[in-house]
Amino acid sequence: MRMVFRWFGEGNDFIPLEHIKQVPGVEGLVWALHDIPAGEAWPLERIKEVKRQANQYGFHIDVVESVNIHEDIKLGLPSRDQYIENYIQTIERLAEVGVKVICYNFMPVFDWTRTDLFKEMSDGSTALFFENAKITNTDPMELVKEIAENSHLTMPGWEPERLKHLTNLFRQYEGVTEEDLWKHLHYFLEKIIPVARKHDIKMAIHPDDPPFSVFGLPRIMTSKKNIERFLKLVDDQYNGLTLCSGSLGANLENNVADMVRSFADRIHFAHIRNVKTFENGDFIETSHRSEDGTVHILDIMKAYYDIDFTGYARPDHGRHIWDEKCRPGYGLYDRALGIMYLWGIWDALNKEKEA
């Protein structure tokens, strides 16, 4: 297991690289050019600048998250071919600096969805929260407004530049079914995977978060059955997964440890985090400790250990603790605690094996 840490870049993250450097076992940064609109090719000089910043602290930049996909590709519009060509240019430029994995998603309109960015917990910490009734009964524009008013920095996929076109986007998705989305994803993969193979970059799709429909939009990366279908669309080692325990774990029917074992050779990137789910469909993100949520992190780590996982892993969203000023879900302190919990499990498994 190779531990990495998500960093949003200078001027877009509260956490300096010298602080990340002090977290034991972190060898690389998970990064992106978040200000580049989806569909545009990333400038090579900007990519090289991130590499220069990382090199100063001995970090690699092997993993990119996310090279976002333009909605025209998801919608299957005639204009998608130009956006796919731009995506290919970005892959080629990322290869020039040694990138090995690209994490992306195929969620219509929204990236990960929450209704409260700073829900207070019983211990006084706050965390990302999903209130099912609020999604079911709320106009999405109201949620966008609320999120925008309560965050100084944007959430990935919720950038104001994208969301100002929200009404039109919803109109475009009227009548788009899950089968349509599968077809459009297949088209994208057939164009992209040969390029990724040529440049030795693994494409790693992220599951939908949460793993069910939001605001009536189709979602397809939601379950073991659907992941199996995805991997067969283009049955190639370079067409793989970012297996996110928190996203999939928001549905208690998903057994993430079983998925780790089932998809062992196609997991290129692991997101490891915990959530506590409730009978009404609500869920809140917790510490990484198994006992604090309903996702059994210990079982998941044991599964990664058993498959001899040598890919990249990062602690996913953390709580906001000790009055830290941070991006929603992306503070330093709780993610650092999470890393130590994950390493503790890994070290214990090593000792058990040696005994």
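Structure: see above.
Residue numbers run consecutively from 1 along every chain, following the written order of its sequence. Owing to the predicted nature of the model, reporting of local features is limited to residues with pLDDT of at least 70; listing and counting of side-chain atom pairs is limited to 80 or more, with chain, interface and lining totals taken over all residues. With hydrogens and water excluded, all non-hydrogen atoms of the structure serve as input to the side-chain values.

**A word on the environment of Val195**
- Counting from the N terminus, the helices are the DSSP runs of H or I reaching at least four residues and the strands are the DSSP runs of E reaching at least two. Here Val195 shows up in helix H9 (residues 178–198).
- A relative accessible area of 14% means that Val195 is categorised as buried.
- Between the C-alpha atom of Val195 and that of Ile88, which follows or precedes it by 107 residues, the distance is 7.0 Å.
- In contact with Val195, other than residues within four places in its own chain, are Ile88, Ile91 and Glu92. Each residue is placed in one exposure class: buried if its accessible area under a 1.4 Å probe, protein chains only, is under 20% of its type's maximum, exposed if it is over 50%, and partly exposed if it falls in between. Here, two residues are considered to be in contact whenever any of their heavy atoms come within 4.5 Å of each other.

**Considering the pattern of salt bridges**
- Salt bridges are identified by distance alone: a Lys or Arg side-chain nitrogen within 4 Å of an Asp or Glu carboxyl oxygen. Enumeration over the complete set of coordinates arrives at 25 salt bridges.
- Note that Lys224 is salt-bridged to Asp258, the shortest N-O span being 2.8 Å. Of this pair, Lys224 sits in helix H10 (residues 224–233) while Asp258 sits in helix H12 (residues 256–262); the two residues are 34 residues apart in sequence, bridging distant segments of the chain.
- With a relative accessible area of 30%, Asp258 lands in the partly exposed category.

**As for the packing of aromatic side chains**
- Two rings from Phe, Tyr or Trp (for Trp, the six-membered ring) form a pair when their centres are within 6.5 Å of each other. A pair whose planes differ by under 30 degrees is stacked, one over 60 is edge-to-face, and the rest are tilted. The final tally for this structure, using the stated rule, is 13 aromatic pairs.
- Here Phe106 and Phe188 contribute two aromatic rings whose centre-to-centre distance is 6.3 Å and whose plane-to-plane angle is 35°, an arrangement assigned as tilted. In this pair, Phe106 sits in the loop between strand S4 (101–104) and strand S5 (116–120) while Phe188 sits in helix H9, placing the two residues 82 residues apart along the sequence. A single burial state applies to Phe106 and to Phe188, both of which are buried.
- For the pair Phe170 and Phe215, a centre-to-centre distance of 6.4 Å together with 75° between the ring planes defines the contact as edge-to-face. With a gap of 45 residues between them, Phe170 in helix H8 (residues 166–173) and Phe215 in the loop between strand S7 (202–205) and H10 connect regions that are remote in the sequence. No difference in accessibility class separates Phe170 from Phe215, as the two residues are buried.
- Clustering of aromatic rings is evident, with ring pairs tying together Tyr87, Tyr104, Phe106 and Phe188.
- Any Lys NZ or Arg CZ that is within 6 Å of a ring centre and within 35 degrees of that ring's normal is treated as a charge sitting over the ring. When the ring centre of Phe8 is taken as reference, the NZ or CZ atom of Arg327 above it lies at 3.9 Å.

**Section: the sheet that holds strand S10 (residues 275–277)**
- What the 4 strands build is an open sheet, ordered S5-S6-S11-S10; its pairing is antiparallel. The sheet is open, and its two edges are formed by S5 and S10, each paired on a single side. Along the sheet, successive strands turn relative to each other by an average axial angle of 35°, direction set aside.
- In this sheet, strand S11 (residues 283–285) lies alongside strand S6 (residues 126–130) in antiparallel orientation, the contact comprising 2 bridges. Note on pairing: two strands pair once DSSP finds at least 2 bridges between them. Every angle, taken between N-to-C directions, lies between 0 and 180 degrees, and every axis is a line fitted to C-alpha atoms, over only the stretch in contact when it is a helix.

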